[in-house]
Amino acid sequence: MAAAPPTERYSLSQARRIALRAQGLATPRPAFAGPVTMRHFQQVVDRLGLLQIDSVNVLARAHLMPAYSRLGPYDPALLDRAAGSPPRRLVEAWAHEASFVPPETFRLLEWRRRAYRSEAWGGIAAVPGSSGAGTLLDDVRALVGEHGPVTAARVHELLDAERPQGAKQWGWNWTEAKRALEYLFFVGEVTSAGRNAQFERRYDLTERVLPPGVLARALPDDADAVRELVAIAARAHGIGTQRCLGDYFRLKQARLAPAVADLVDEGVLVPGIVAGWERPVLRHRDATLPRRATGAALLSPFDPLVFERRRLEELFGLRYRIEIYVPAPLRVWGYYVLPFLVGESLEALVDLKADRKDKVLRVHGAHRAPAPARSGASDAEVVEQLATELALMARWLGLEAVAVGDAEGTAVGDLATHLHTAVRAVPVG
């Protein structure tokens, strides 16, 4: 099918503002009369379509941050309840990596679970063909059915504490029980009924986790399911290239291209061009352009606005990656760095750590973002807004102060000195 000709043209600023409105970041956070409710939290979930999961807890777990960035301080127990108590509003699935998704979206990913041989990573895809796998999988299914919800460690205990670790063969030091569970999780026979205090999945049979109303519906046709996933991605992005839309749910080109073509034909996606971009873009028909962007937020490295790094560079002019696994001398911005959004620009990059022992939010580094990501605002203006945001985050995390520098007082970055003064003037409590 021939590609539809572009029908709309946007400046880079317009594309940014469309994306920010779609993501719920174009305006300041709402001022709630009381605590953030489940309804408010659900609105964020509905807007974003998924929350990426990551176990790194140097600041706050990745899946908790997008709602905070859009709502401000909220009770993380809302997410625990949404994913851990029936009727569940969120379940875990392989979506954009490991993610929380609405139960309806879980069903849209059934084609991926059936195609595990090509969609899962090698270790998991190989489980059914490994020696003794049939018996092991049957045993694990039975144990989850009898004892679920249950952690992988408990399944291992129940199976056989003497089974070999297999670290050399698999490379991840997972027990056989864990590998079997991860395979059953990928193909959808079991899923997570929630996480315990140690952030371990509590596995249960999928039919006992998904809401009955969702289970009762017929599974969608594969092509229909992929089209709906692309539509969810387009609503969440507002505007983006075909690559952007595919990355949201990690869709491969063979499935992505026909879905995009169909959605263009249906008028759900509107082709366009962004000045300076090499590739055409697609706007969701419901995405609108605000006159201005006036919000401010610290963004997790796993936030949907920034987790596709090529899109981030094209949209905001920032080359950025998470540097947790980069040796310290080679890091550009720091260990766990959050972009600081102000208006339609990424004004700063802040390396943060929640020091829970000393009850301090530590700013290990504070850098002004390079051009063209930043605006013409002065460093003093950015620092003033950043100090306010850091105080708000500290309060949400249950910390009592913001300190610029590590435990020895060492901080890096061209904003560190000014920020040290500014945070002392903004109370956390």
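Everything that follows concerns the structure shown earlier in this document.
Since we're looking at a predicted model, the values are computed, not measured.

(A) Seen up close, the overall build of the protein. The helix and strand inventory of the protein stands at 20 helices and 14 strands. Taken over the C-alpha trace, the protein has a radius of gyration of 23 Å; the compact-globule value for 429 residues is 22 Å, and the two agree within 12%. Here the C-alpha coordinates of the protein stretch approximately 65 × 60 × 45 Å along the principal axes. Across the 429 residues in the protein, those meeting the buried criterion constitute 54%. Long-range contacts, defined here as pairs at least 24 residues apart, represent 68% of the contacts in the protein between residues at least 6 apart. Total accessible area on the protein stands at roughly 18900 Å², and carbon and sulfur atoms take up 52% of it.

(B) Quick look at the packing of aromatic side chains. Under the criterion given, the structure shown has seven aromatic pairs. Ring centres of Tyr-248 and Phe-307 lie 5.6 Å apart, and the angle between their planes is 55°; this geometry places the pair in the tilted category. Pair noted here: Tyr-248 is in helix H16 (residues 242–248) and Phe-307 is in the loop between strand S10 (296–298) and helix H18 (309–316), with a separation of 59 residues, a long-range link. Like Phe-307, Tyr-248 is buried. Taken together, the ring pairs in this structure connect Phe-41, Tyr-68, Tyr-74 and Trp-396 into an aromatic cluster. Positioned above the aromatic ring of Phe-199, the side-chain terminus of Arg-61 is 4.2 Å from the ring centre. Directly above the ring of Phe-199 sits Arg-195, whose terminal nitrogen or CZ lies 4.3 Å from the centroid.

(C) Quick peek at the sheet that holds strand S14 (residues 401–404). Sheet architecture is open: five strands sit in the order S10-S11-S12-S13-S14, paired in mixed fashion. The open sheet has two free edges, formed respectively by S10 and S14, since each of these has just one partner strand. For this sheet, the mean angle separating the axes of adjacent strands, direction not counted, is 30°. Strand direction decides the pairing type here: S10 and strand S11 (residues 337–342), joined by three bridges, are antiparallel. Within S11, the residue paired with Ala-297 across the bridge is Leu-341. Packing against the sheet, helix H20 (residues 416–424) makes contact with strand S13 (360–368) and S14, and its axis sits at approximately 155° to S14.

(D) Focus on the pattern of salt bridges. In this structure the tally under the stated criterion is 28 salt bridges. The salt bridge partner of Glu-308 is Arg-243, with a shortest N-O separation of 3.9 Å. Of the two residues, Glu-308 is situated in the loop between S10 and H18 and Arg-243 in helix H16; the sequence distance between them amounts to 65 residues. Classification of Arg-243 as partly exposed rests on a relative accessible area of 43%. In this structure, Arg-310 engages Glu-314 in a salt bridge whose closest nitrogen and oxygen atoms are separated by 3.8 Å.

(E) The pairing of strand S4 (residues 97–101), seen in detail. The element S4 is largely enclosed, with a buried count of four among its five residues. Summarising the sheet, strand S2 (residues 51–52) and S4 pair through two bridges and their orientation is antiparallel. Paired with Gln-52 across the strands is Ser-99, a residue of S4. In terms of strand pairing, strand S3 (residues 91–95) meets S4 through five bridges, oriented antiparallel. For Trp-94, the partnering residue across the bridge sits in S4 and is Ala-98. Between S3 and the antiparallel strand that follows it, S4, lie one residue.

The rules we used
One numbering rule holds for all chains: residues counted from 1, following each sequence as written. Residues qualify for local features only when their pLDDT is at least 70, as the model is predicted, and side-chain atom pairs are given and counted only at 80 or more; totals for whole chains, interfaces and linings, by contrast, use all residues. In computing side-chain properties, one takes all heavy atoms of the structure into account and sets aside hydrogens as well as water. Numbered from the N terminus, helices here are DSSP runs of H or I no shorter than four residues, and strands are runs of E no shorter than two. Atoms considered for the radius of gyration are the C-alpha atoms alone. The globule rule reads 2.2 Å times the number of residues to the power 0.38. Relative accessibility under 20% of the residue-type maximum defines a buried residue, over 50% an exposed one, and the middle range a partly exposed one, all with a 1.4 Å probe and only protein chains included. Note on contacts: a residue pair is in contact if any heavy atoms of the two residues lie within 4.5 Å. Every accessible area reported is derived by Shrake-Rupley at a probe size of 1.4 Å, with residue values counting cover from the shown protein chains alone. Centres within 6.5 Å are what make two rings of Phe, Tyr or Trp a pair, Trp counting through its six-membered ring; a difference in plane orientation under 30 degrees is then read as stacked, over 60 as edge-to-face, and the rest as tilted. Note on geometry: a ring has a charge over it if NZ (lysine) or CZ (arginine) is within 6 Å of the ring centre and within 35 degrees of the ring normal. We call two strands paired when DSSP finds no fewer than two bridges between them. Angles run from 0 to 180 degrees between N-to-C directions of axes, and those axes are lines fitted to C-alpha atoms, restricted for helices to the stretch in contact. For salt bridges, the criterion is a side-chain nitrogen of Lys or Arg within 4 Å of an Asp or Glu carboxyl oxygen.

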